[in-house]
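Coordinates in review
Here's the letter readout for the chains.
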Amino acid sequence: MLETSSAKTVLRVGHTRFGSFFALILFFLAPIVALGNTDLTGPELTSIKISPLEIDVSSGSATLSIEVTATDDSAIDWARSHVYFKTPVNTNLVVRNFSSSSPHVATAELSASNYEGTYRINNVNLYDEHGTESNFFTTRLIELGAAESFELTGGRTDFAGPELTSIKISPLEIDVS
């Protein structure tokens, strides 16, 4: 119910579950609106380009570049935004720290210490200046022009950890008296 008087306008929501929920929403949204933040949606990715798609690190390190364009109702926090690739051993390669000026590019230095094989794009996380995050996954990234993967050669090929073949414990008895 809305009550008005010459002094102020009050919205009474009562003590119902809906009223309490509505009051709680207003409590959290009021500071956002009061500070002028009307941008309640995350950035929208409009394009992504990965290069090169074949990287040889056998004679030295090489640079992977990711170039993205995106829009948002407020400024995009490029330093916080990042791209994830799944490595050949199913861990993550994270590329971050996009340049703040257009074109927005982030790079990763790859070397012989990286695993050899196919690195598949997994997702892109973009943040705006208010901390609102948008996530874009493989299918959407490919629709926007991203290559599904890049290939690294000249890197580590030992994918398995050490194998324990024997163990000897000596002495078998210890006197601690």
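The rules we used
Residues numbered from 1 in each chain as written. Predicted model: local features only at pLDDT ≥ 70, side-chain atom pairs only at ≥ 80, totals over all residues. Heavy atoms only, no water. Phe/Tyr/Trp six-rings, centres within 6.5 Å; stacked < 30°, edge-to-face > 60°. Helix = DSSP H or I, 4+ residues; strand = E, 2+ residues; numbered from the N terminus. Buried < 20%, exposed > 50% of the residue type's maximum accessible area, 1.4 Å probe, protein only. pLDDT = per-residue confidence, 0-100. Contact = heavy atoms within 4.5 Å. Core = buried A, V, L, I, M, F, W, Y, C linked by side-chain atoms within 4.5 Å. Polar contact = N/O pair within 3.5 Å; in protein donor to acceptor, adjacent residues only side chain to side chain.

**What about the packing of aromatic side chains?**
- Applying the stated criterion across every chain yields a total of three aromatic pairs.
- Consider the rings of Tyr119 and Phe150, whose centres lie 4.9 Å apart with planes at 10°: the pair is stacked. One end of the pair, Tyr119, is in strand E9 (residues 117-127); the other, Phe150, is in strand E11 (residues 149-153), and 31 residues separate them in sequence. One exposure class covers both Tyr119 and Phe150, and it is buried.
- Through pairs of rings, three or more aromatic residues link up here, namely Phe85, Tyr119 and Phe150.

**Some points on the confidence of the model for the chain**
- Residues at a pLDDT of 70 or more form 78% of the chain, whose mean pLDDT is 85.
- A low-confidence stretch, residues 1-14 stays under pLDDT 50, and its non-local contacts, those more than four residues away or across chains, total 18 contacts.

**Some details on the nonpolar core**
- Counting 31 residues, the largest nonpolar core has Ile48, Leu64, Ile66, Phe85 and Val95 as its most contacted members.
- Elements that contribute at least two residues to this core include exactly strand E3 (44-51), strand E5 (62-71), strand E6 (82-86), strand E7 (92-96), strand E8 (104-110), E9 and E11.
- Sorting elements by how many residues they give to this core places E5 first, with five residues.
- Those residues in contact with Leu64 that lie beyond four places of it in its chain are Ile50, Ser51, Pro52, Ile55, Phe85, Leu93, Val95, Ala106, Thr107, Ala108, Leu110 and Phe150.

**Digging into the side chain of Asn114**
- Mapped onto the elements, Asn114 comes out in the loop between E8 and E9.
- Judged by its relative accessible area of 18%, Asn114 falls in the buried class.
- A distance of 2.8 Å separates the side chain of Asn114 from the backbone nitrogen of Ser111, its partner in a polar contact.
- If we skip the residues at most four places from it in the chain, Asn114 touches Glu109, Tyr119, Leu152, Gly155 and Arg156.

**Side note on the side chain of His82**
- Along the chain, the position of His82 falls in strand E6.
- Polar contacts involving the side chain of His82 include one to the main-chain carbonyl oxygen of Arg80, which spans 3.0 Å.
- With residues up to four places along the chain from it excluded, the contact list for His82 reads Val94, Val95, Arg96, Phe98, Asn123, Val124, Asn125 and Tyr127.

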